[in-house]
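# Structure assessment
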Amino acid sequence: MTKLTNIFLTRIDWECIGGLPGFALTLADAGMTQLNLSGPVGLKSFIGASRHFIQRHALSMSLHEYRGSESYKDKQIEVIPIVLSVPRPDHVPIPNKSSSPTDVSPNEANPVNIQLTYPLMESISPIVADASLPAPSSMWTSCCYICKMPDVPGKFDVQKALALGVKKGPQFGQLTKGIPVETPNGIVHPHQCIDPPTLGLVVVVIDCPSIAHLEVLKLNDFFSTSPYFQLETPESACVAFVIHISPSHIVEDQRYQDFVISTFKLKTIKHVYANFKLNGSQIVYRSAATQVAKLNYLAPRIFPHVHGISTLTIPEPIMTFKSESYAATLLLKLNLAKTRTLPIGLDVTEIPPKIDVDLVQAELEAIPELRNFKLKNQHLSELRDFSKEDYTIDFLGTGSALPAKYRNVTGHYLEVREHGGILL
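Remember, it's a predicted structure, so these values are computed and weren't measured experimentally.

### Structural notes on the overall build of the chain
- From N to C terminus, the chain includes 13 helices and 18 strands.
- Of all 424 residues assigned to the chain, the portion counted as buried reaches 39%.
- Summed over its atoms, the accessible surface of the chain is roughly 24200 Å², and 59% of this surface lies on carbon and sulfur atoms.

What follows is the structure, given as structure tokens:
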């Protein structure tokens, strides 16, 4: 986990970034000192507002808000953002809390990158000071990403080079660097003895939170001009995977499906869908899934089945496209580069097998005390029509923030009047 250097966010909505502060604490506690965050406008405001929670002395954050078509590139990957902005339907203008001349509007000449260093806040750009946090933007912005892996150079064929009269030594080195060499048989060019490169993988991440965003995405000319999306461009890499983070009601919309079919025409493309309807109720660990199955036995109305109780064994096809389509599963991985042990593609090796709910509950049924408890307390499954005066929820916290430096699991105590309580 400490090898992580960059995080790219699609939206500054709670469903997308709610776990970011806790994740930053985990990375800091694991020894990470530098984290780079990139995403749409609003990222700086969110990190600035949550800085009192993310307090770790050694953690430094570099933030970048995408406003155009600028891209990120290193030796491992190139990330091209596609920024989608539409008016926010429920926006209510809120003025900045300060009129200080140090205020910086999110849409004006504020620095693209800022550095957050904890706990010393003096070095922070004015944009993240309490008195100068910008008002919420009237635009609802989402970022889609085109991710391109680097091409793998072709293998140098020694036998071909020798047959062409190339001498071992410096001439071999020149050819591998792309420089032609002169031999008694004439000039030898690199392509004559070096195999064609293996084109890098292309992965597209799409997040359209509304149909309005989809209409903006359709107007983007990147899909029509980039060779990644053309069928007859063998000299260029083509899309291999499309990750759909769009909400289920958008994914199921015919307009969205028409866009996907018309844009990603290659039958070899694999689609992976991740949204709350498909994945939101999955349980990661078998022990937790077993506990849910046991609670469901005792009070099925209060503790219903959760998405099959456990994670799926393998991704299940969910759409009827010509290409393969899968529902994302917790602990499902996508390998973007080939290693000695793992091929390129979807990796399901760490997905735990599904538990047998019937077997778990049959074991409980065989225990007389539990069977009698269930019969005597059937009213627990019939509780309904509660008012806010009938129950109390106590949030026990996690101990994640200062002054305690140790983190622990969270807890909630649910107390129902005249019926007792339960610690969750």
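Right, picking up where we left off after that structure.
### Some thoughts on the layout of surface pockets
- Each pocket or cavity is described by its volume, and for the largest pocket that value is around 2000 Å³.
- Taken together, 46 residues make up the lining of the largest pocket; nearest its centre are Leu-4, Asn-6, Ile-7, Phe-8 and Val-205.
- Secondary-structure elements contributing two or more residues to the lining of the largest pocket are strand 1 (6-8), helix 1 (14-17), helix 2 (20-29), strand 7 (139-148), strand 10 (202-206), helix 10 (276-279) and strand 14 (333-335).
- Across the lining of the largest pocket, the residue classes break down as 30 nonpolar, ten polar and six charged.

### With respect to the nonpolar core
- Membership of the largest hydrophobic core comes to 26 residues, with the highest contact counts inside it found for Ile-146, Ile-206, Leu-217, Phe-229, Val-239 and Phe-264.
- Elements with a minimum of two residues in this core: strand 5 (78-87), strand 7, strand 10, helix 6 (211-219), helix 7 (222-225), strand 11 (239-244), helix 8 (248-251) and helix 9 (254-263).
- With 18 residues, the next largest nonpolar core counts Leu-9, Leu-25, Leu-37 and Phe-46 among its residues.

### Points about the confidence of the model for the chain
- Mean pLDDT for the chain: 76, with 76% of residues reaching 70 or above.
- For the chain, strand 6 (residues 113-117) is the element with the lowest average pLDDT, namely 46, and strand 1 is the one with the highest, namely 94.
- Across residues 96-131, where pLDDT falls below 50, the model places 80 contacts with residues more than four positions away in sequence or in other chains.
- Contacts from residues 308-317, a stretch scored under 50 in pLDDT, to residues over four places away or in other chains number 36 contacts.

### A short note on the sheet that holds strand 18 (residues 420-423)
- One open sheet accounts for three strands, arranged 16-17-18; its pairing is antiparallel. The two strands at the open ends of the sheet, each matched to only one other strand, are strand 16 (391-395) and strand 18. In this sheet, neighbouring strand axes are inclined to one another by 15° on average, regardless of whether the strands run parallel or antiparallel.
- Sheet topology note: the strand 17 (residues 412-416)/strand 18 ladder contains four bridges and is antiparallel. Bridge pairing in strand 18 links Leu-414 to Ile-422.

### Side note on the environment of Met-139
- Inspection of the secondary structure assignment puts Met-139 in strand 7.
- On the basis of relative accessible area, Met-139 is assigned to the partly exposed category, the value being 32%.
- When the C-alpha atoms of Met-139 and Gly-42 are compared, they prove to be 9.9 Å apart, with 97 residues separating the residues in sequence.
- Beyond its immediate chain neighbours, meaning those up to four positions away, Met-139 contacts Ser-85, Val-86, Pro-87 and Arg-88.

### Some thoughts on helix 6
- Within helix 6 the residues assigned to the buried category are Ile-211, His-213, Leu-214 and Leu-217. Viewed along the axis of helix 6, the buried residues span an arc of 150°, placing them on a single side of the element.
- Contacts from the buried residues of helix 6 go to strand 5, strand 7, strand 10, helix 7, helix 8 and helix 9.

### So, the packing of aromatic side chains
- Applying the stated criterion across every chain yields a total of nine aromatic pairs.
- Between Phe-8 and Tyr-145, the aromatic rings sit 5.7 Å apart at their centres with planes inclined by 65°, giving edge-to-face as the arrangement. Of this pair, Phe-8 sits in strand 1 while Tyr-145 is found in strand 7, placing the two residues 137 residues apart along the sequence.
- Since its relative accessible area comes to 3%, Tyr-145 is described here as buried.
- Ring geometry for Phe-223 against Phe-259: centres 5.7 Å apart, planes inclined by 85°, an arrangement best described as edge-to-face.

### Thoughts on the pairing of strand 10
- Of all five residues in strand 10, five are buried, a share of seventy percent or more.
- Looking at chain direction, strand 7 and strand 10 are connected through four bridges and run antiparallel. When the sheet's bridge partners are listed, Cys-147 is paired in strand 10 with Val-203.
- In terms of strand pairing, strand 10 meets strand 11 through five bridges, oriented parallel. In the strand pairing of strand 11, Val-203 is matched with Phe-241.

### Re the side chain of Thr-183
- Looking at the secondary structure, you find Thr-183 in strand 8 (residues 181-183).
- Among the polar contacts made by the side chain of Thr-183, one reaches the main-chain carbonyl oxygen of Gly-186 at a distance of 2.7 Å.
- With residues near it in sequence (within four places) discarded, Thr-183 still touches Leu-164, Gly-165, Val-166, Gln-171 and Val-188.

### A look at a nonpolar patch on the surface
- A surface patch of nonpolar side chains, about 330 Å² in accessible area, is lined by Tyr-391, Ile-393 and Phe-395.
- Counting through the fold element by element, Ile-393 comes out in strand 16.

### Here we look at the packing of helix 11 (residues 286-298) against helix 12 (residues 357-365)
- Contact geometry of helix 11 with helix 12 gives a least axis separation of 9 Å together with a crossing angle of 55°. As far as their axial angle goes, helix 12 and helix 11 are oblique. Note that helix 11 runs across helix 12; the crossing there is right-handed. On helix 12, the residues that touch Thr-290, Ala-293, Lys-294, Asn-296 and Tyr-297 of helix 11 are Val-357, Val-360, Gln-361, Leu-364 and Glu-365.

### Details of the pairing of strand 17
- By the bridge criterion, five bridges tie strand 16 to strand 17 in an arrangement that is antiparallel. In the strand pairing of strand 17, Thr-392 is matched with Glu-415.
- Two successive antiparallel strands, strand 17 and strand 18, enclose a turn made up of three residues, where Glu-418 displays a positive phi of approximately 70°.

Conventions and cut-offs
Every chain is numbered independently, its residues counted from 1 as its sequence is written. Residues qualify for local features only when their pLDDT is at least 70, as the model is predicted, and side-chain atom pairs are given and counted only at 80 or more; totals for whole chains, interfaces and linings, by contrast, use all residues. With hydrogens and water stripped out, all remaining heavy atoms of the structure feed into the side-chain values. In this text, helices come from DSSP runs of H or I with a minimum length of four residues, and strands from runs of E with a minimum of two, each type numbered from the N-terminal end. Only protein chains enter the accessibility calculation, which uses a 1.4 Å probe. A residue is then buried if its area is under 20% of the maximum for its type, exposed if over 50%, and partly exposed in between. Values of accessible area rely on a 1.4 Å probe in the Shrake-Rupley scheme; residue burial ignores everything except the protein chains shown. Of the grid points, spaced at 1 Å and generated over the protein atoms alone, those admitting a 1.4 Å probe that cannot get out make up cavities, while open sets with protein on both sides within 12 Å along at least five of seven lines make up pockets; any residue with an atom within 4 Å of a point is treated as lining. Grid points are joined across faces, edges and corners, and a volume is the space filled by probe spheres set on the points. Three categories are distinguished: nonpolar for Ala, Val, Leu, Ile, Met, Phe, Trp, Tyr, Cys and Pro, charged for Asp, Glu, Lys and Arg, and polar for the others, with Gly belonging to the last. Only buried Ala, Val, Leu, Ile, Met, Phe, Trp, Tyr and Cys residues count toward a nonpolar core, and they belong to the same one when joined by side-chain atoms within 4.5 Å. For every residue, the predictor assigns a confidence score, pLDDT, that lies between 0 and 100. Every residue pair with non-hydrogen atoms within 4.5 Å of one another is taken to be in contact. Pairs of strands are assigned from DSSP output, requiring at least two bridges between the strands. Axis angles are defined between N-to-C directions and span 0 to 180 degrees, where every axis is a line fitted to C-alpha atoms and, for a helix, only to the segment in contact. Directions drawn from the helix axis to the C-beta atoms are what define this arc. Note on aromatic contacts: the rings of Phe and Tyr and the six-membered ring of Trp form a pair at centre separations within 6.5 Å, being stacked when their planes are under 30 degrees apart, edge-to-face when over 60 apart, and tilted otherwise. What qualifies as a polar contact is a pair of N or O atoms within 3.5 Å, subject to a donor-acceptor requirement within protein and to the restriction that residues adjacent in sequence count only when both atoms come from side chains. Here the term patch refers to residues with relative accessible area over 30% and no salt bridge, with like charges joined within 9 Å and nonpolar side chains (Val, Leu, Ile, Met, Phe, Trp, Tyr) within 5 Å. Here a salt bridge means any side-chain nitrogen of Lys or Arg lying within 4 Å of a carboxyl oxygen belonging to Asp or Glu. Orientation categories follow fixed angle ranges, with anything under 35 degrees roughly parallel, anything over 145 roughly antiparallel, 65 to 115 roughly perpendicular, and all other angles oblique. Take the far helix as the reference: if the near one is turned anticlockwise from it by less than a right angle, the crossing is left-handed, and if turned clockwise, right-handed.

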